[in-house]
Amino acid sequence: MPEPVWALHGTLSNPLSIAFVSTHPPRQCGIATFTSDLADAIVNADSSVRTWWAALDEAASSHPYGSEVQWHIRQGDPASYRAAAEQINAAPVDIVSIQHEFGLYGLWGETFTDHLTPFLQALRKPVVTTLHTVLPQPSSSVRAAVQTIGAYSEAVVAMAEVACRILVQTYGVEERKVQVIPHGVPPIQPRGRSRTKEALGLEGRTVICTFGLVDPRKGLEYMIRAMTAVVARHPDALYVIVGRTHPELVRREGESYRERLTGLVATHGLTDHVMFVDEYLELEQVIKYLLASDVYVTPYLDPNQITSGTLAYALGAGKAIVSTRYLHAVESLAGGRGLLADFHSEHSLADAVLGILDNPALKRQLEHRAYAYGRLMAWPEVGQRTLELYRRVAATGAGVVPELARVPDRLAAGRSMARTSAAGVETSAGAALLTPKGRDVS
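For clarity, every value in this text was computed on a predicted model and none was experimentally measured.

With that settled, consider unusual backbone geometry. Cis rather than trans, the peptide bond between Pro25 and Pro26 has omega equal to 15°. Inspection of the secondary structure puts Pro26 in the loop between strand S1 (17-22) and helix H1 (30-45). Residues other than glycine seldom take positive phi values, yet His344 does so here, at roughly 55°. Within the fold, His344 resides in the loop between strand S15 (339-341) and helix H13 (346-357). Of the residues examined, His344 reaches a relative accessible area of 48% and is grouped as partly exposed.

This is the structure we're talking about:
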């Protein structure tokens, strides 16, 4: 059996070695996108850091990974989780970063069956767990799973203040363990909107955009129906839906949801006003569609959604944003950073979009405030902060929780700064999923 790649480096001392437990490209999964970006940001902050993966594979498939993937976990097989922990114990790893989404670490049924516990019980390395979903009203089985994570982790990372409060008040996770580090976004300069529209063949159009994995939870049908009212006042309006159908949905139902959406477009006579970009996009292309957008919309249907990578990207790009009132949007768009709409309501979505398109001064103000807030979530900032957390946990060792501010000082300052101005921002500018040539951050 060939020697593990990490063994070539010998026993580690000063350079920090991180084992990520996560999905990994080329698996089409938003957690894979996030973790890859996070790992890159950490290494960019300190090139001496070494990163390895315990990759989560679907029960019936595997993927052609690079040498950075040293361990494998088969979803649905609790023994596979335990075996990976024992293998990590034998490796020169300083800290384990678990990127947690319930569907990756257990099975949903009448109750949630947790498969992460065997991993945590076997592991002998310090653990930091990032929770990508925090349910405000958990079942007893979900609460127990999160409480186990809290007990075994030296720190638990949430991406929003509201998630932090829920973890402490509803789940009973020790407050000293919970850290808030926002979802990272690529550094984007919001400029060249007209130029970018021309490059994408969208010149002369008022572009409303949503990107990410297409599935019924996104509520896209409500924004499509809202376009009838939008087009009545802005005949050049075009709603661009960027992204492939969620691969799990395709496996279960094929393209039936997308077909319903295209049928809805035809029924409402919106063929010239709704465009589907049915492909996985490289980051450069995602940014182009963001920069070309006049309004960014997340018409999502789950009021408890605690994290949205696409919303974070839109903030980072300085977009005028309309969103339904899910938890992440309510927090992120506070202070005049965006407009909120009601769930399951094309009328509310249309009113909010028209409120922006009819008022150029409001549009510029929303763009300024979004960008002032979003630039503090750029990956260099998030990578540095995460690295500091991992270093402190690794230095103090398992069982000792580092003392860290729960909210990044600059981000907290940005909340008040966003209420005033972001002078100098050029506003003439225009998830789930990542493959080697494409991504989605639902």
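Right, picking up where we left off after that structure.
For any pair of aromatic rings, geometry is given as the distance between the ring centres together with the angle between the planes. According to the stated counting rule, one finds nine aromatic pairs in the structure shown. Each ring, one from Tyr300 and one from Tyr326, has its centre 5.4 Å from the other, and the planes form 20°; the classification is stacked. One end of the pair, Tyr300, is in the loop between strand S13 (295-298) and helix H11 (309-316); the other, Tyr326, is in the loop between strand S14 (321-324) and helix H12 (327-332), with 26 residues separating them in the sequence. Owing to a relative accessible area of 0%, Tyr326 belongs among the buried residues under this scheme. Ring pairing ties together the aromatic residues Phe102, Trp108 and Phe112, which thus form one cluster.

The sheet built from six strands is open, its strands ordered S12-S11-S10-S13-S14-S15 with parallel pairing. Each end of this open sheet is capped by a strand with a single partner; those strands are strand S12 (274-277) and S15. Between one strand axis and the next, the sheet turns through 25° on average, direction left out of account. Inspection of the sheet shows S14 paired to S15 by three bridges, in the parallel sense. Paired with Val322 across the bridge in S15 is Leu339.

On S14, burial covers both faces: Ile321 and Ser323 on one face and Val322 and Thr324 on the other are all buried. Both S13 and S14 contribute to a ladder of three bridges, which runs parallel. Counterpart to Val297 in the pairing with S14 is Val322. Considered for its hand, the β-α-β crossover made up of S13, H11 and S14 is right-handed.

What counts as what
- Residues numbered from 1 in each chain as written.
- Predicted model: local features only at pLDDT ≥ 70, side-chain atom pairs only at ≥ 80, totals over all residues.
- Heavy atoms only, no water.
- Helix = DSSP H or I, 4+ residues; strand = E, 2+ residues; numbered from the N terminus.
- Buried < 20%, exposed > 50% of the residue type's maximum accessible area, 1.4 Å probe, protein only.
- Phe/Tyr/Trp six-rings, centres within 6.5 Å; stacked < 30°, edge-to-face > 60°.
- Pairing = 2+ DSSP bridges.
- Axes fitted to C-alpha atoms, helices over the stretch in contact; angles between N-to-C directions.
- Right-handed = clockwise from strand over helix to strand, strands pointing away.

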